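Overview (structure and organization)
Single-letter residue listing:
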Amino acid sequence: MTIELNHTIVHTHDQDASAAFLASILGVEVGGRTGPFVPISLTNGVTLDYMHVDGPVTSQHYAFLVDDTTFDAAFARITASGITYWADPGHREPGRLNSMHGGRGCYFLDPDGHNMELLTRA
């Protein structure tokens, strides 16, 4: 059997709002609630399962490899929404894209402070 990442749990204070936020950026649908989770399924079969927590949320990093067309659409939604974005994971280069590996990329925060990344080349 090969090994594939199937899903990951994303801790959040408002799972519906956080799932809707990322789904709107990526241009995907939020799935129906499954037990304690609100899922977003990606085209490679990985699911982000948003789960409510009462305590502090520790910031995590989630990177999404997308094609150029998807990047353009997602980045347009980021800028139209006035979301702050950075060229680097340390957030020292605001309002810029990076060109790592000959592609384009940016970082932005979700409502719980998770560091989201869009990149066109890995």
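Read on for an overview of the structure. Throughout this document, residue positions are counted from 1 along each chain, in the order its sequence is written. pLDDT decides what is reported in this predicted model: residues at 70 or higher carry local features, side-chain atom pairs at 80 or more are listed and counted, and totals for whole chains, interfaces and linings draw on all residues regardless. The basis for every side-chain value is the complete set of non-hydrogen atoms in the structure, without hydrogens or water.

Next up on the list: unusual backbone geometry. Unlike most non-glycine residues, His-91 shows phi in positive territory, near 60°. Locating His-91 in the fold gives a position in the loop between strand 5 (85-86) and strand 6 (105-109). Throughout, exposure labels follow a simple rule: accessible area from a 1.4 Å probe, protein chains only, divided by the maximum for the residue type, with under 20% read as buried, over 50% as exposed, and the rest as partly exposed. Note on His-91: relative accessible area 24%, which makes it partly exposed. The residue His-101 is not glycine, and still its phi comes out positive at about 60°. Along the chain, the position of His-101 falls in the loop between strand 5 and strand 6. A relative accessible area of 59% means that His-101 is categorised as exposed. Secondary structure elements are taken from DSSP: a helix is a run of H or I of four residues or more, a strand is a run of E of two residues or more, and numbering for both begins at the N terminus.

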